[in-house]
Amino acid sequence: LRIYHQAHIERREAMQLRLVALIAIPVTHALIQTVGVSNRRLFPPLQAGFGGSKKTGSQNFVKPGKKGIEQQWERFFQNSDTAEESSIWARTEDMDWLLVGSVNCKDGPSIHAFAKQKNLITWCAQEQHHPLRSKNANQLEFGLGPILDDDFVDNYDAQSTSPIDDISSIQNAKPSSDFSILNCGFKPYKSPLNEHKASLGSALLNRSTGKGSVKFKKKSKEEEQQQEEKAAAST
């Protein structure tokens, strides 16, 4: 009887151990999976080569605003010797083409320069032309035209100047990772910012004959007067 009782106790303990094992194995597996996911989030796998993951291309887009327009305006002149250039226009269903400025791309067709800078150009167009401000950005259609001479740009008036011929719609232009924003430039036909409009620098920057670096900085009244005198003497 004692032997039978001892065997019964051993069988019961063995069943308890198997029950614990059946419960512990799924729980342990779930914990391992959870820790594995956490580790992958904290320590993502390194890509091939030194230094881990590598970004494809540098700076794909440029944001609207003062910093973006000054940056791309300067790049426009830096790229102007070798880049393909086109004028950029905007319109809606109920109005004709309106001049926005010019774009260029040093390593490809200028349509890629528009695609990379579309947000900046859209903002600039709406700031330049009051009728476009009431429109949603998706309602604007953009087009590329030929290079414009300085006289046309200087005398352009949205209300009285007729659009030029040969403006091609580029509404479906898509940005390509093969072209860097560093090689794209944008020059508005007039700055949408009051601080640029109030200085002689804006007029000088609009001249396509001006080469070299463009610097945007506040000038003293004496400096502006000296520049005006020099400009008057040269004409």
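Calculation criteria
- Residues numbered from 1 in each chain as written.
- Predicted model: local features only at pLDDT ≥ 70, side-chain atom pairs only at ≥ 80, totals over all residues.
- Heavy atoms only, no water.
- Pairing = 2+ DSSP bridges.
- Helix = DSSP H or I, 4+ residues; strand = E, 2+ residues; numbered from the N terminus.
- Contact = heavy atoms within 4.5 Å.
- Axes fitted to C-alpha atoms, helices over the stretch in contact; angles between N-to-C directions.
- Salt bridge = Lys/Arg side-chain N within 4 Å of Asp/Glu carboxyl O.
- Buried < 20%, exposed > 50% of the residue type's maximum accessible area, 1.4 Å probe, protein only.
- Phe/Tyr/Trp six-rings, centres within 6.5 Å; stacked < 30°, edge-to-face > 60°.
- Expected span 1.5 Å × (residues − 1).
- pLDDT = per-residue confidence, 0-100.

Strand order in the open sheet formed by five strands is S4-S3-S1-S2-S5, with antiparallel pairing between adjacent strands. Each having just a single partner strand, strand S4 (168-169) and strand S5 (184-188) make up the two edges of the open sheet. Across five bridges, the pairing between strand S1 (residues 84-91) and strand S3 (residues 141-145) is antiparallel. What sits directly across from Trp-89, in S3, is Gly-143. The strands that helix H2 (residues 66-79) touches are S1, strand S2 (98-105) and S5; relative to S5, the one it contacts most, it runs at about 110°.

The next subject is the pattern of salt bridges. Should their charged atoms come close, side chains of opposite charge can pair. Overall, the coordinates contain four salt bridges when judged by the stated rule. For Lys-66, the salt bridge goes to Glu-70, with nearest N and O atoms at 3.1 Å. You can see Lys-66 and its partner Glu-70 sitting in helix H2, four residues apart, about one turn around the helix. Owing to a relative accessible area of 38%, Lys-66 belongs among the partly exposed residues under this scheme. Two residues, Arg-91 and Glu-141, come together in a salt bridge whose shortest N-O distance is 3.1 Å. Taken together, the positions of Arg-91 in strand S1 and Glu-141 in strand S3 put the pair 50 residues apart, joining distant regions of the chain. Under the relative-accessibility criterion, Arg-91 is labelled partly exposed at 25%. Glu-141 sits in the partly exposed class, given a relative accessible area of 22%.

This part takes up the pairing of S2. In terms of burial, S2 is a largely internal element, eight of the eight residues being buried. Counting the residues between successive antiparallel strands, the hairpin from S1 to S2 contains six residues. As paired strands, S2 and S5 are joined by five bridges and run antiparallel to one another. Residue Gly-101 lies in a different strand from S5, and its bridge partner there is Pro-188.

Throughout the structure, instances matching the rule amount to six aromatic pairs. Residues Trp-89 and Tyr-156 carry aromatic rings whose centres are separated by 6.2 Å and whose planes lie at 85° to one another, so their mutual orientation is edge-to-face. In this pair, Trp-89 is assigned in strand S1 and Tyr-156 in the loop between helix H6 (150-154) and S4, connecting sequence segments 67 residues apart. Accessibility classification places Trp-89 together with Tyr-156 in one group, the buried group. Feature note: the residues Trp-89, Phe-152, Tyr-156 and Tyr-189 constitute an aromatic cluster, connected by ring pairs.

Bringing H2 into the picture now. An ideal rise of 1.5 Å per residue puts 20 Å on 14 residues; H2 measures up with 20 Å between its terminal C-alpha atoms. Here H2 lies mainly inside the structure; 10 of its 14 residues are buried. Within H2, the full set of buried residues consists of Gly-68, Ile-69, Glu-70, Gln-72, Trp-73, Glu-74, Arg-75, Phe-76, Phe-77 and Asn-79.

For the protein chain, the average pLDDT comes to 74, and 58% of its residues sit at 70 or higher. Considering only residues more than four positions removed or in separate chains, one finds that residues 45-58, a stretch of pLDDT under 50, has six contacts.

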